[in-house]
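# A structural walkthrough
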Amino acid sequence: MKNNKKIGLSLSGGGYRATIYHLGTLRKLRELNVLDAVDVISTNSGGSITGATYGIHLDDFDTFEKVIRKGVKRSVIKGVFTSWRFLLVFLFLLIWVGNIVYLLSQGHAWRSFGLLFTLIAILLYFQFKLFPISKLNERMYNKFFFGGKSLSALSSKVRFAINATNLETGRLFTFSNTTMGDSVYSYPEDEEKSEPVYFKAKHFPIARAVAASTSVPFVFTPINIGKEYFKDPNDYNRIKPRLVDGGVYDNQGAHKITQIKSAYGTQVVIISDAGNIMPFKNTYKNTLTLLIRTSNVFMNRIKNLQMVQYLYENHKTYKREIAYQSLGWDIEDSIPKFIEGIKDGIIQSEVLKYHNITNHDIINKKWDLIETKLKTNIGYSTIVENANTKEQLAIARRVKTGLSPLKDEQINALINHASVLTELQVKLYCPSLFN
């Protein structure tokens, strides 16, 4: 907290790309003496790996960085596919399919078709039990990042919000240091007929919370909440939370910290978005690729709507200081976009005052003078000296969403872009943090 204003930081999704990108954001905020003043960290998907790891090592940033750097060089997917559970089920399916082929070759068509239909039925009804990929994913997270720790291991100095999407309610299910739950369960609409449902967070595994936050539909299986985590065991039969990637509902992770009435709401908001420019695609070879692309379109649309709300409508409503930065943004556009915001009347007067920009400057359209004031005030030339080269930026933006291992050149390019953009945007849009 600074100047009696709560500070919130959101870390978006984006697989390992997001995990390492947000390390750059946190490192820069630490250098700027802002990180220790952050009150709430709200995360989704790949950002939840970063946020939760930081929560464990909050008092030892060097160890936190080492864990993240080492972790993203290891393959979660490889660990899942080489696990004994996955290999055993895969062998079982191979034997089953082999029997189908054998019976068919021996002229027993009806028997082979019977086995085939049985196999299809088993896969349809028991897919998530046969291939509990998210559970295997949880094991890898524990091995690489969390060491079996529970939510109570998250530092109490910051309020954490690890977000997943609850398919049962269509809302966010949030894991925090001491609480976990969904607003629909905590505040039922029909209070006369429905009692609130509460959960026990203390011993809930961090790795499972992050696995839920990163459970991308069509790839991973939904996460369930075990009966032992219900405060009232009888509630286990009333509701069935099914948790998937938090990005389905809010990929920036900013929903919680921008809700004033929420316990997570803050007055100063910093959004680190590892989302890339949505690639142009025109080839779909099967239903799965079509579904994934459709999901990406939905999530990108939500992102754009939220960005409009945070950046272009903020001045009409809550008038918070909001600094938004994204992997897909070019560094040289930061000042011009801020000036466009002045022209459109969406930059708050308090922010303009911090930058010594007067009404006289704006009325007389002294844009060159305003640009000079901004660059001087934030130390623009010094900041951009550290910017990525075009080649390094291309390396950063070529990193795909996923949990495949990253190379050092990818790690460094992502960290550096996040670091430079964070300093620019925070100094431009949240100047009260430096006064």
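Residues numbered from 1 in each chain as written. Predicted model: local features only at pLDDT ≥ 70, side-chain atom pairs only at ≥ 80, totals over all residues. Heavy atoms only, no water.

Turning our eyes to something else, we now look at the pattern of salt bridges. Using the criterion set out here, one finds 13 salt bridges in the structure. Where Glu321 meets Lys5, a salt bridge forms, and the shortest distance between an N and an O atom there is 3.2 Å. Of this pair, Glu321 sits in strand E9 (residues 321-326) while Lys5 sits in the segment before strand E1 (7-11), and the two are 316 residues apart along the sequence. Take Lys5: its relative accessible area is 31%, and that puts it in the partly exposed class. Where Glu423 meets Lys28, a salt bridge forms, and the shortest distance between an N and an O atom there is 3.1 Å. In this pair, Glu423 sits in helix H18 (residues 408-429) while Lys28 sits in helix H1 (residues 15-31), placing the two residues 395 residues apart along the sequence. Within this structure, Lys28, Glu31, Glu423 and Lys427 form a network of salt bridges that share partners. (Salt bridge = Lys/Arg side-chain N within 4 Å of Asp/Glu carboxyl O. Helix = DSSP H or I, 4+ residues; strand = E, 2+ residues; numbered from the N terminus. Buried < 20%, exposed > 50% of the residue type's maximum accessible area, 1.4 Å probe, protein only.)

This part is about a negative patch on the surface. Residues Glu332, Asp333, Glu340 and Asp344 make up a contiguous surface patch of negative charge. Relative to the elements of secondary structure, Asp333 occurs in the loop between E9 and helix H12 (334-343). (Patch = residues over 30% accessible without salt bridge, like charges linked within 9 Å, V, L, I, M, F, W, Y side chains within 5 Å. Areas by Shrake-Rupley, 256 points an atom, 1.4 Å probe, with all protein chains shown as cover. Lys, Arg positive; Asp, Glu negative; His and termini not counted. Charge placed at Lys NZ, Arg CZ, Asp CG, Glu CD.)

On to the environment of Arg238, then. Counting through the fold element by element, Arg238 comes out in the loop between strand E6 (223-224) and strand E7 (242-245). Residue classification places Arg238 among the partly exposed positions, given a relative accessible area of 42%. Leaving out residues up to four positions away in the same chain, Arg238 has contacts with Ser194, Glu195, Pro196 and Val197. For Arg238, the side chain forms a polar contact with the main-chain oxygen of Glu195, separated by 2.9 Å. A distance of 2.9 Å separates a polar atom in the side chain of Arg238 from a polar atom in the side chain of Asp235. (Contact = heavy atoms within 4.5 Å. Polar contact = N/O pair within 3.5 Å; in protein donor to acceptor, adjacent residues only side chain to side chain.)

For an α-helix, 3.6 residues make a turn, and residues three or four places apart therefore share a direction. Of all eight residues in helix H9 (residues 206-213), seven are buried, a share of seventy percent or more. Turning to H9, its buried residues number three or more, namely Ile206, Ala207, Ala209, Val210, Ala211, Ala212 and Ser213.

Turning our attention to the packing of helix H17 (residues 390-398) against H18. Axes are the key here: two packed helices are described by the angle between their axes and the distance separating the axes. Where H17 meets H18, the closest approach of the two axes is 8 Å, and the angle between their N-to-C directions is 100 degrees. Considering their axes alone, H17 and H18 lie roughly perpendicular with respect to each other. Between H17 and H18, the contacting residues are Gln392, Leu393, Ile395, Ala396 and Arg397 on the first element and Glu409, Gln410, Ala413, Leu414 and His417 on the second. Residues of the contact of H17 with H18, tallied by class, amount to five nonpolar, three polar and two charged. (Axes fitted to C-alpha atoms, helices over the stretch in contact; angles between N-to-C directions. Parallel < 35°, antiparallel > 145°, perpendicular 65-115°, else oblique. Nonpolar A, V, L, I, M, F, W, Y, C, P; charged D, E, K, R; others polar.)

This part is about the confidence of the model for the protein. Averaged over all residues, the pLDDT of the protein equals 89, while 90% of them reach at least 70. Across the protein, the secondary-structure element scoring lowest on mean pLDDT is helix H11 (residues 287-312), at 65, and the one scoring highest is helix H3 (residues 61-71), at 98. (pLDDT = per-residue confidence, 0-100.)

Let's shift gears to the nonpolar core. The nonpolar side chains of a soluble globular protein tend to be buried with one another. By size, the foremost hydrophobic cluster in this structure holds 118 residues, and its most contacted members are Tyr141, Leu151, Phe175 and Ile225. Of the residues forming this core, the biggest block, eleven residues, is contributed by H18. (Core = buried A, V, L, I, M, F, W, Y, C linked by side-chain atoms within 4.5 Å.)

Quick look at the pairing of E9 now. For E9, a buried count of six out of six residues is recorded, marking the element as mostly surrounded by other parts of the structure. Here E9 shows a buried face lined by Glu321, Ala323 and Gln325 and a second buried face lined by Ile322, Tyr324 and Ser326. In this sheet, E9 lies alongside strand E8 (residues 268-273) in parallel orientation, the contact comprising six bridges. Across the sheet, residue Val269 finds its bridge partner in E9, namely Ile322. (Pairing = 2+ DSSP bridges.)

Okay, the environment of Phe92 next. Secondary-structure assignment places Phe92 in helix H5 (residues 84-105). The exposure class assigned to Phe92 is partly exposed, which follows from its relative accessible area of 38%. Sequence separation of Phe92 and Ser326 is 234 residues, and the distance between their C-alpha atoms is 45 Å.

So, about the packing of aromatic side chains. On inspection of all chains with the given rule, the structure shows 18 aromatic pairs. Look at Tyr54 and Phe64: their rings are 5.4 Å apart centre to centre, the planes differ by 70 degrees, and that puts the pair in the edge-to-face class. Of this pair, Tyr54 sits in helix H2 (residues 45-56) while Phe64 sits in helix H3, and the two are ten residues apart along the sequence. Each member of the pair, Tyr54 as well as Phe64, is classed as buried. Through a chain of ring-to-ring contacts, the aromatic side chains of Phe173, Phe175, Tyr185, Phe199, Phe204, Tyr229, Phe230 and Tyr236 assemble into a single cluster. One Lys or Arg, Arg159, reaches over the ring of Tyr264 and ends 4.4 Å from the middle of that ring. Here the guanidinium or amino end of Lys337 rests over the ring plane of Trp329, the centre of that ring lying 4.5 Å away. (Phe/Tyr/Trp six-rings, centres within 6.5 Å; stacked < 30°, edge-to-face > 60°. Lys NZ or Arg CZ within 6 Å of the ring centre and 35° of its normal.)

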